[in-house]
Amino acid sequence: MARRDGPGDFYHRIAARNVLPLWVNTKNFVPWEPTPSYEPALWNYGEMRDLLLEAGGIVTPEEASRRVLVLQNPALDGYQGTTRSLYACLQLILPGETAPEHRHTQSALRLILEGEGAFTTVEGERIPMKRGDFIITPSMTWHGHRHEGATPMIWLDGLDNGLMQLLDTTFFEPGRPDGAPNAAPRPDGDNEARWGAAMRPFGAAPARPTSPLVRYAFEETRDALSGLAASGEADPCRGYCMEFVNPMSGEAAMPTMTTLATRLPASFEGAPYRSTDGIVYVAIEGEGAVEVAGRTLEWGPSDVFVVPAWASHRLRAASETVLFGFSDRVVQQKLGVWREARG
């Protein structure tokens, strides 16, 4: 007959063999609903801007590769990230500076917040930057930045670092030591000429799952939101909300991040909403607040805030507002696990 030890002795012996009993603390491993390990948070742009400008006197882009401040979620002690899967960062480049080229597995987006006269280079093409523009750097594409304007240039970076870390797929490659371009030069405006209209070059085949259009100009985004607002009633939870898409496929513009633009009318009072994707929002225009997890986070232009996964929240707008948002919804949808709840 097999020996029957007390449970304490059994658990000790299996732990020594790197084994865990699933029936102990089951709810900690398989909770009845999502229990994200991060919390709502807001970063005031004025405060962040001051810190970025201070950093501009401490480190150069050449020394740091990128002069970036990560918006670290206060609940993720010891884990770098804004949510578990995503980074939101603020980057500064000063007049006359160059951020050297590099490439990496992580997909990156940029939402331009301040300044003119800078451009990002993506696979050899100079992409202009203006406030509110949404710009994509696809995975493993060479990219760098150059500022030829007269005032500081600041933008928000969004990256899928946490997801790449979870999958153990992170690769990083610096550019050439002499600073020379790593990709063959392409004419200015080539990307927009090919992909900027509701058309595509005949016979073109997708080279990657990311949208071939790398710059979504804010004036066009605003016009699209205005057109939607003129055509019907606002969604009671999300206002007038539109998703950026890949013109080749009609799917999400990025394979690992859903990107959204939302227009909230003045005095908008949103109904409660929650979904399994944690969302990072940036206020491009307007002022308002989000009520989430028993807290009220008030935001103004260029402020950044995060709503955790499955956290019931309500959006409110004090004035006509445009929000940019990004999340890992597209990954969850591809896996068939994304859910939402209203009311």
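These figures come from a predicted structure and were not determined experimentally.

Rules used throughout
- Residues numbered from 1 in each chain as written.
- Predicted model: local features only at pLDDT ≥ 70, side-chain atom pairs only at ≥ 80, totals over all residues.
- Heavy atoms only, no water.
- Salt bridge = Lys/Arg side-chain N within 4 Å of Asp/Glu carboxyl O.
- Helix = DSSP H or I, 4+ residues; strand = E, 2+ residues; numbered from the N terminus.
- Buried < 20%, exposed > 50% of the residue type's maximum accessible area, 1.4 Å probe, protein only.
- Expected span 1.5 Å × (residues − 1).
- Arc of directions from axis to C-beta.
- Contact = heavy atoms within 4.5 Å.
- Pairing = 2+ DSSP bridges.
- Axes fitted to C-alpha atoms, helices over the stretch in contact; angles between N-to-C directions.
- Phe/Tyr/Trp six-rings, centres within 6.5 Å; stacked < 30°, edge-to-face > 60°.
- Lys NZ or Arg CZ within 6 Å of the ring centre and 35° of its normal.
- Patch = residues over 30% accessible without salt bridge, like charges linked within 9 Å, V, L, I, M, F, W, Y side chains within 5 Å.
- Areas by Shrake-Rupley, 256 points an atom, 1.4 Å probe, with all protein chains shown as cover.

Caption draft 1: Spatial organisation of the pattern of salt bridges. Summed over the entire model, instances satisfying the criterion amount to 21 salt bridges. Among the salt bridges present, the one from Asp133 reaches Arg215, with a minimum N-O distance of 2.9 Å. Here Asp133, found in the loop between β7 (125-128) and β8 (134-137), pairs with Arg215, found in strand β12 (residues 215-216); they are 82 residues apart in sequence, far enough to count as distant. The exposure class of Asp133 is buried, given its relative accessible area of 0%. Ionic pairing is found between Arg222 and Glu285, a salt bridge with its closest N-O pair at 2.3 Å. Of the two residues, Arg222 sits in helix α7 (residues 218-231) while Glu285 sits in strand β16 (residues 279-285), which places them 63 residues apart along the sequence.

Caption draft 2: α7, seen in detail. The first and last C-alpha atoms of α7 sit 20 Å apart over 14 residues, in line with the 20 Å expected at 1.5 Å per residue. Residues of α7 that are buried include every one of Phe218, Thr221 and Leu225, and no others. Viewed along the axis of α7, the buried residues span an arc of 60°, placing them on a single side of the element. Those residues of α7 that are exposed and aimed more than 90 degrees away from the buried face are Asp223, Ala230 and Ser231. Packed against the buried residues of α7 are β12, β13 (240-243), β14 (258-264), β16 and β21 (321-327).

Caption draft 3: Region of interest: the sheet that holds strand β11 (residues 172-174). With antiparallel pairing, 5 strands are arranged side by side in an open sheet as β7-β6-β9-β4-β11. Of all strands in the sheet, those with a lone pairing partner are β7 and β11, marking the two edges. Pairwise comparison of adjacent strand axes, ignoring direction, gives a mean angle of 25° for this sheet.

Caption draft 4: Representation of the packing of aromatic side chains. For the coordinates displayed, the defined rule picks out 10 aromatic pairs. Considering the side-chain rings of Phe244 and Phe324, the 6.1 Å spacing of their centres and the 45° angle between planes classify their relative orientation as tilted. Highlighted residues: Phe244 in the loop between β13 and β14 and Phe324 in strand β21, separated in sequence by 80 residues. Ring centres 5.8 Å apart and planes at 10° place the aromatic pair Trp299 and Phe305 in the stacked group. Taken together, the ring pairs connect Phe134, Tyr216, Phe244, Phe324 and Phe326 into an aromatic cluster. If you follow Lys27 out to its NZ or CZ, it ends over the ring of Trp32, 4.0 Å from the centre. One cation-aromatic arrangement involves Arg126 over Phe119; the distance from NZ or CZ to the ring centre is 3.9 Å.

Caption draft 5: Region of the structure containing unusual backbone geometry. Phi at Asp168 takes a positive value of approximately 55°, unusual for a residue other than glycine. Within the secondary structure layout, Asp168 lies in the loop between α5 (161-167) and β11. On the basis of relative accessible area, Asp168 is assigned to the exposed category, the value being 69%. Non-glycine residue Trp310 carries a positive phi angle of around 60°. Structurally, Trp310 is set in the loop between β19 (304-307) and β20 (313-317).

Caption draft 6: Representation of a nonpolar patch on the surface within the structure. Where nonpolar side chains cluster on the molecular surface, the patch consists of Leu20, Leu22, Phe29 and Val30 and spans about 470 Å² of accessible area. You can call Phe29 exposed: its relative accessible area is 54%.

Caption draft 7: Representation of the environment of Ser226 within the structure. When you line up the elements, Ser226 lands in helix α7. For the pair Ser226 and Tyr240, spaced 14 residues apart in sequence, the C-alpha separation works out to 8.7 Å.

Caption draft 8: Focus on the pairing of strand β4 (residues 98-104). Bridging between β4 and strand β9 (residues 143-147) involves 3 bridges; their strand directions are antiparallel. Its bridge partner lying in β9, His102 is registered against His143. Pairing geometry for β4 and β11, over 3 bridges, is antiparallel. Looking across to β11, one finds that His102 is bridged to Pro174.

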